Protein chains: 2
Amino acid sequence: MLFPELETPAVLVDHATLLRNIQSMAKGAQAAGVQLRPHIKTHKTAEILRLQLEHGATGVTVAKLGEAEVMASAGANDLLVAYQITGEQKCSRIKRLQDQGVRITCGADNREQIEWLDRMAGTMATTFELAVEVNTGLDRAGVLPGEEAVRLAHAIATAPNLRFRGFFTHEGHAYSADSPERVAGIGTRASQALVATARDAIQAGLPVEMVSVGSTPTARAGAWAPGVTEIRPGNYVFHDRQQIALGAAAEHDCALTILATVISRPAPDRAVIDAGSKTLSSDRGAHGSQMEGFGNVQGPFPRRLIRLSEEHGVLAVSPDDPLRPGDRVRMIPNHACVVSNLHDWLFVVEGNRVTAQWRVAARGRVQ
Amino acid sequence: MLFPELETPAVLVDHATLLRNIQSMAKGAQAAGVQLRPHIKTHKTAEILRLQLEHGATGVTVAKLGEAEVMASAGANDLLVAYQITGEQKCSRIKRLQDQGVRITCGADNREQIEWLDRMAGTMATTFELAVEVNTGLDRAGVLPGEEAVRLAHAIATAPNLRFRGFFTHEGHAYSADSPERVAGIGTRASQALVATARDAIQAGLPVEMVSVGSTPTARAGAWAPGVTEIRPGNYVFHDRQQIALGAAAEHDCALTILATVISRPAPDRAVIDAGSKTLSSDRGAHGSQMEGFGNVQGPFPRRLIRLSEEHGVLAVSPDDPLRPGDRVRMIPNHACVVSNLHDWLFVVEGNRVTAQWRVAARGRVQ
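Reading the values: rules and limits
- Residues numbered from 1 in each chain as written.
- Chains lettered and ligands numbered in written order.
- Predicted model: local features only at pLDDT ≥ 70, side-chain atom pairs only at ≥ 80, totals over all residues.
- Heavy atoms only, no water.
- Helix = DSSP H or I, 4+ residues; strand = E, 2+ residues; numbered from the N terminus.
- Rg over C-alpha atoms; globule rule 2.2 N^0.38 Å.
- Buried < 20%, exposed > 50% of the residue type's maximum accessible area, 1.4 Å probe, protein only.
- Contact = heavy atoms within 4.5 Å.
- Areas by Shrake-Rupley, 256 points an atom, 1.4 Å probe, with all protein chains shown as cover.
- Pairing = 2+ DSSP bridges.
- Right-handed = clockwise from strand over helix to strand, strands pointing away.
- Least-squares fit on C-alpha atoms with pLDDT ≥ 70 in both.
- Phe/Tyr/Trp six-rings, centres within 6.5 Å; stacked < 30°, edge-to-face > 60°.
- Axes fitted to C-alpha atoms, helices over the stretch in contact; angles between N-to-C directions.
- Parallel < 35°, antiparallel > 145°, perpendicular 65-115°, else oblique.
- Left-handed = near helix turned anticlockwise from the far one by under 90°.
- Buried area = accessible area lost by both parts, 1.4 Å probe.
- Salt bridge = Lys/Arg side-chain N within 4 Å of Asp/Glu carboxyl O.
- Expected span 1.5 Å × (residues − 1).
- Polar contact = N/O pair within 3.5 Å; in protein donor to acceptor, adjacent residues only side chain to side chain.
- pLDDT = per-residue confidence, 0-100.

1. Looking at the overall build of chain A
So, step 1. In terms of helices and strands, chain A carries 11 helices and 17 strands.
So, step 2. Relative to its length of 367 residues, chain A is compact, with a C-alpha radius of gyration of 22 Å against a globular reference of 21 Å.
So, step 3. Expressed along its principal axes, the backbone C-alpha trace of chain A runs to roughly 70 × 40 × 35 Å.
So, step 4. Scored against the burial criterion, the 367 residues of chain A give a buried share of 66%.
So, step 5. Across chain A, every contact between residues at least 6 apart in sequence was considered, and the portion connecting residues at least 24 apart equals 69%.
So, step 6. Carbon together with sulfur atoms contributes 49% to the accessible area of chain A, which is approximately 12600 Å² in total.

See the structure below:
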């Protein structure tokens, strides 16, 4: 089938661009001597996971256990859940993954959680492996770098049923930068803080295997300090309008696009397409970024996607734009990671042919 | 099971509140002598559709054919697709629904679409039933009220393979109002414009069965002019934070809430929960509204949900708030219609018991 024949709205993934993105990040990591543990929240898809594993990924990152379960069944066997675990049910699910032979490391950022996980692991006759989440500026979860982080590491390392793996941070505040230089600066400073914390821990006699940073813009900038052992970019498989805005990608690096159909041209300066916030999300970017508009619409005419309701997108067009109902438009969304999560299927395209249909297997696995 | 034992994040629907909302809207419509054709985009759930049909809904509204197909298989047999249809595949799908005995009316707002649908209906040896979408101020799709709308109605009525049903509008610009009075004013003016258009059409000799308006805030305000034949509210089954802000609902009218767990208390003024934009969406309201924050968090302490990333929500809390990792919080989201679309399951609660689990059967049916 040719992709212009697809029913719309449809999420297209250009296979050549996807593969180039996967290979290029893997080569960059290899050249720098760091491991690559991509975050799969961006694609949630078994087929893309396998491409990442074939091309040099040494492990996988997820946010939620639901994602971990899907990725484990798709072949991932070394998972970092970059998230704090709470609740007995979630502990049982970790144990079940371990019993299947999956190595699983979870995040920790406070003492009571560590004590509680130690008791749970004891009760379940297992060992939970933990890494300390460090807040290097995003101000979300995580302890501050330095003393506090080392104290938590010590608490894990000395708990009978826990194993300490290292430190990780998500330098997502890079998404608020307004130039590639500032992105790189944020990445460098965040990783330096993490490396310094790891050194303090090593000096205190703690074994630190993992010094892990992660975000696509800082990874694309190669902005990590010596001493970092692994990087965890996610968005790089697809890229999106926000990565373009940050200078981390060009239009031709964007593997994920939305195909939509014009359903109305009610005014000379307005056209309406069949993709709204239930197709594109209403994200203006990651981590609360506030970009103008909702997508880069491809084509020779200036077409700005200025407004979304649930199933409608409003394009501001020029009066001489010949766009009519039934015409197709293709666009790069603001934030690819939330687009894939809205859809059950990705349509893989090579040139203008649809060559596969991949299920977004971990879509909606928020638990 | 008691709902505090559910894994989180989870979408809860309070059965008593849901039923009260459904009954109250049905009674209001009946008392006013208008038909009720609720928009199911809010819940996308067979069980809630059936409650609406049991309690006085005379038809159903959808935006997308995918929703129509799911609702037809759940028992709806009179559907308005309040949307412009493009493409042969979609015409075939309409024909298939008709062959199953479902009456289906679609939207139209331009002459070429009408001519094209007439040809398609002829080719398929069927009749497509159309209603003209009128733009009463939302400035999305739709023709302007008056002459232009009547001309389109005439084009439909005189086409050999089409049947003209009437006019509809979505007065979604009511969501930009800043007081209940302005909501009512918008609803009244929009419906007056639609009724006037219908009168013009009747004077021109056209049969007008349907004069249809629809939005929850204007319906809650009873803001429709004499001559309206049906209303199409959607959100009223659940309500949400935006309806509260518009004065269209109180907290106790909100049937849909999110149950989340605190995963981190990294600072005295900050707690982090396991619900982010993949649970709540990043909507600040409907139709591009820009409310502050992302949810009304229930409980005795002031807790503002100020920031979302994909799987994290950041609560601004006061230093004396005892919230700790593992604690549960429950909140009313900004926009219920996009929340249900992110999840596969709704957990039905009666008191603190979970009494059912309903599949969001039309979730993601954007095509």
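2. Quick look at the pairing of strand β7 (residues 162–168) of chain B
Residue and element names in this part refer to chain B.
So, step 1. Counting buried residues in β7 gives 6 out of 7 residues, a clear majority hidden from the surface.
So, step 2. Pairing between strand β6 (residues 128–133) and β7: 6 bridges, direction parallel. Opposite phenylalanine 128, over in β7, you have leucine 162 as the bridge partner.
So, step 3. Each parallel crossover has a hand, and for β6 linked through helix α6 (residues 147–158) to β7 it is right-handed.
So, step 4. For β7 and strand β8 (residues 210–213), the ladder comprises 3 bridges, and the chain directions are parallel. Each bridged residue has a counterpart across the sheet, and for phenylalanine 168 the counterpart in β8 is serine 212.

3. Considerations on the relation of the copies chain B and chain A
So, step 1. Mapping chain B onto chain A is achieved by rotating through 180° and translating by 0.0 Å along the same axis, at an RMSD of 0.0 Å. The transformation just described matches what one would write down for a two-fold rotation axis.
So, step 2. A shared binding surface is used by both copies, with 100% of the interface residues of chain B retained as interface residues in chain A.

4. Remarks on the packing of aromatic side chains
So, step 1. Enumeration according to the criterion identifies 2 aromatic pairs over all chains in this entry.
So, step 2. Seen from their ring centres, Phe164(A) and Phe167(A) are 5.3 Å apart, and the 70° between their planes marks the pair as edge-to-face.

5. Overview of the packing of helix α3 (residues 65–73) of chain A against helix α4 (residues 88–99) of chain A
For any two helices packed against each other, one specifies the inter-axial angle together with the distance between the axes.
Residues and elements named next belong to chain A.
So, step 1. Direction vectors running N to C along α3 and α4 enclose 15°, while the axes themselves pass 11 Å from each other. Relative to α4, the element α3 lies roughly parallel. Judged by the twist between their axes, the crossing of α3 over α4 is left-handed. Across the interface between the two elements, Leu65, Gly66, Ala68, Glu69 and Ala72 from α3 touch Lys90, Arg93, Ile94 and Leu97 from α4.

6. Structural notes on the interface of chain B and chain A
So, step 1. If you look at the interface, chain B gives 65 residues, while chain A gives 65 residues.
So, step 2. Interface of chain B and chain A: buried area, both sides summed, is about 5200 Å²; carbon and sulfur atoms make up 41% of it.
So, step 3. Summed over the three residues of chain B that lose the most area to chain A, namely Glu7(B), Arg140(B) and Lys278(B), the buried surface amounts to 13% of that side.
So, step 4. Across the contact surface, chain B and chain A share 12 salt bridges.

7. Here we look at the sheet that holds strand β4 (residues 78–84) of chain B
All names here are of chain B.
So, step 1. If you trace the 8 strands from one edge of the open sheet to the other, you get β2-β9-β8-β7-β6-β5-β4-β3, paired in parallel fashion. Across the chains shown, the open sheet's two edge strands, defined by having one partner strand only, are β2 (35–36) and β3 (60–62).
So, step 2. For strand β5 (residues 103–108) and β6, the ladder comprises 4 bridges, and the chain directions are parallel. Residue pairing for β6: glycine 107 is matched across the bridge by alanine 131.
So, step 3. Seen against the sheet, helix α4 (residues 88–99) touches β5 and β6 and runs at an angle of roughly 150° to β5.

8. Structural notes on the environment of Ile202(B)
Residues and elements named next belong to chain B.
So, step 1. Within the secondary structure, isoleucine 202 sits in helix α7 (residues 180–203).
So, step 2. Judged by its relative accessible area of 47%, isoleucine 202 is partly exposed.
So, step 3. Between the alpha carbons of isoleucine 202 and glutamate 350 there is a distance of 49 Å; along the sequence they are 148 residues apart.

9. Considerations on α7(B)
Residues and elements named next belong to chain B.
So, step 1. With 24 residues, α7 should cover 34 Å at 1.5 Å per step; its first-to-last C-alpha distance of 34 Å lies within 8% of that length.
So, step 2. Taken together, the buried positions of α7 are Val183, Gly185, Ile186, Gly187, Ala190, Ser191, Leu194, Val195, Thr197, Ala198 and Ala201.
So, step 3. In this fold, the buried residues of α7 make contact with α6, β7, β8, α8 (216–220) and α9 (241–246).
So, step 4. Downstream of α7 by one or two residues, glycine 205 has phi in the positive range, about 90°.

10. Observations concerning the side chain of Thr197(B)
All names here are of chain B.
So, step 1. Following the sequence through the fold, threonine 197 ends up in helix α7.
So, step 2. Within polar-contact distance, the side chain of threonine 197 engages the backbone nitrogen of glycine 146 at 2.9 Å.
So, step 3. Residue contacts for threonine 197: discarding those within four places in its chain leaves Pro145, Gly146, Ala149, Val150 and Phe167.

11. Re the confidence of the model for chain A
So, step 1. Considering every residue of chain A, the mean pLDDT works out to 97; 100% of them sit at 70 or more.
So, step 2. Per the prediction output, this complex has pTM 0.97; the corresponding ipTM is 0.97.

12. Some points on the sheet that holds strand β7 (residues 162–168) of chain A
All names here are of chain A.
So, step 1. Strand order in the open sheet made by the 8 strands is β2-β9-β8-β7-β6-β5-β4-β3, with parallel pairing throughout. Two strands in the sheet have a free side with no partner beyond their single neighbour: β2 (35–36) and β3 (60–62).
So, step 2. Across the sheet, α4 is in contact with β5 (103–108) and β6 (128–133); its angle to β5 comes to roughly 150°.

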